[in-house]
Amino acid sequence: MENKRTVNEETLENLLYLSRLSPESTDMATLKKQVDEIVGYFDILSKYDDSQNPYDAYPSTKVEALREDKVVAGVEMSDVKKITEHFMDGYFQVPKVLGEGA
């Protein structure tokens, strides 16, 4: 038989206080059953191994591989104007993305 963890009355009272619920506003037996089910979900989740470092999923970058910190020339305005015809007065003209009432 499986040993299921349950919530005792003191913990349930503390949860009610933290959630700003009063015992009169809900059926205590139903609430205790629901909280015990939630605690049971944590038992299910704890079966999965999470001992791996979550940052291992991301590639690491070595300091030596970073670019040098030096100033280089940017794109000139005359070159930007050649890229698109929707450039006017230093701004790109883009389609309206917000509807009325926004």
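Residues numbered from 1 in each chain as written. Predicted model: local features only at pLDDT ≥ 70, side-chain atom pairs only at ≥ 80, totals over all residues. Heavy atoms only, no water.

K.L.:
Mind showing me how you'd approach the nonpolar core here?
P.N.:
For soluble globular proteins, nonpolar side chains are generally found buried alongside one another. In this structure, Val7, Leu12, Leu16, Leu31, Val35 and Val39 together form the largest nonpolar core, which totals six residues. Elements represented by at least two residues in this core include exactly helix H1 (9-18) and helix H2 (28-45). When residues of this core are assigned to their parent elements, the largest contribution, three residues, is made by H2. The contacts of Val35, once residues within four sequence positions are left out, are Val7, Leu12 and Leu15. (Core = buried A, V, L, I, M, F, W, Y, C linked by side-chain atoms within 4.5 Å. Buried < 20%, exposed > 50% of the residue type's maximum accessible area, 1.4 Å probe, protein only. Helix = DSSP H or I, 4+ residues; strand = E, 2+ residues; numbered from the N terminus. Contact = heavy atoms within 4.5 Å.)

K.L.:
Would you mind showing me how to read the packing of aromatic side chains here?
P.N.:
For any two aromatic rings, the description comes down to two numbers: the centre-to-centre distance and the angle of the planes. The tally for this structure, following the rule as stated, stands at one aromatic pair. With a centroid separation of 4.9 Å and an interplanar angle of 65 degrees, the aromatic rings of Phe87 and Phe92 are classed as edge-to-face. Classification of Phe87 by relative accessible area gives buried; the value is 13%. In this structure, Arg20 packs its charged tip against the face of Tyr17, placed 5.2 Å from the ring centre. (Phe/Tyr/Trp six-rings, centres within 6.5 Å; stacked < 30°, edge-to-face > 60°. Lys NZ or Arg CZ within 6 Å of the ring centre and 35° of its normal.)

K.L.:
I tried to follow H2 on my own but got confused; where do I start?
P.N.:
It helps to recall that an α-helix has 3.6 residues per turn; residues three or four apart then point in one direction. In this model, H2 (18 residues) spans 26 Å end to end at C-alpha, consistent with the 26 Å of a helix rising 1.5 Å per residue. Buried residues belonging to H2 abut H1. (Expected span 1.5 Å × (residues − 1).)

K.L.:
How should a nonpolar patch on the surface be read in this particular structure?
P.N.:
A cluster of nonpolar residues, Ile38, Tyr41, Phe42, Ile44, Leu45 and Tyr48, forms a patch on the protein surface that exposes about 700 Å² of accessible area. Its location among the elements puts Tyr48 in the loop between H2 and helix H3 (77-83). Its relative accessible area of 59% is what places Tyr48 among the exposed residues. (Patch = residues over 30% accessible without salt bridge, like charges linked within 9 Å, V, L, I, M, F, W, Y side chains within 5 Å. Areas by Shrake-Rupley, 256 points an atom, 1.4 Å probe, with all protein chains shown as cover. Salt bridge = Lys/Arg side-chain N within 4 Å of Asp/Glu carboxyl O.)

K.L.:
Teacher, can you tell me more about unusual backbone geometry here?
P.N.:
Note: most peptide bonds trans; most residues except glycine with negative phi. One non-glycine residue, Asp89, lies in positive phi territory at about 55 degrees. Position of Asp89 among the secondary structure elements: in the loop between strand S1 (87-88) and strand S2 (91-92). For Asp89, a relative accessible area of 69% corresponds to the exposed category.

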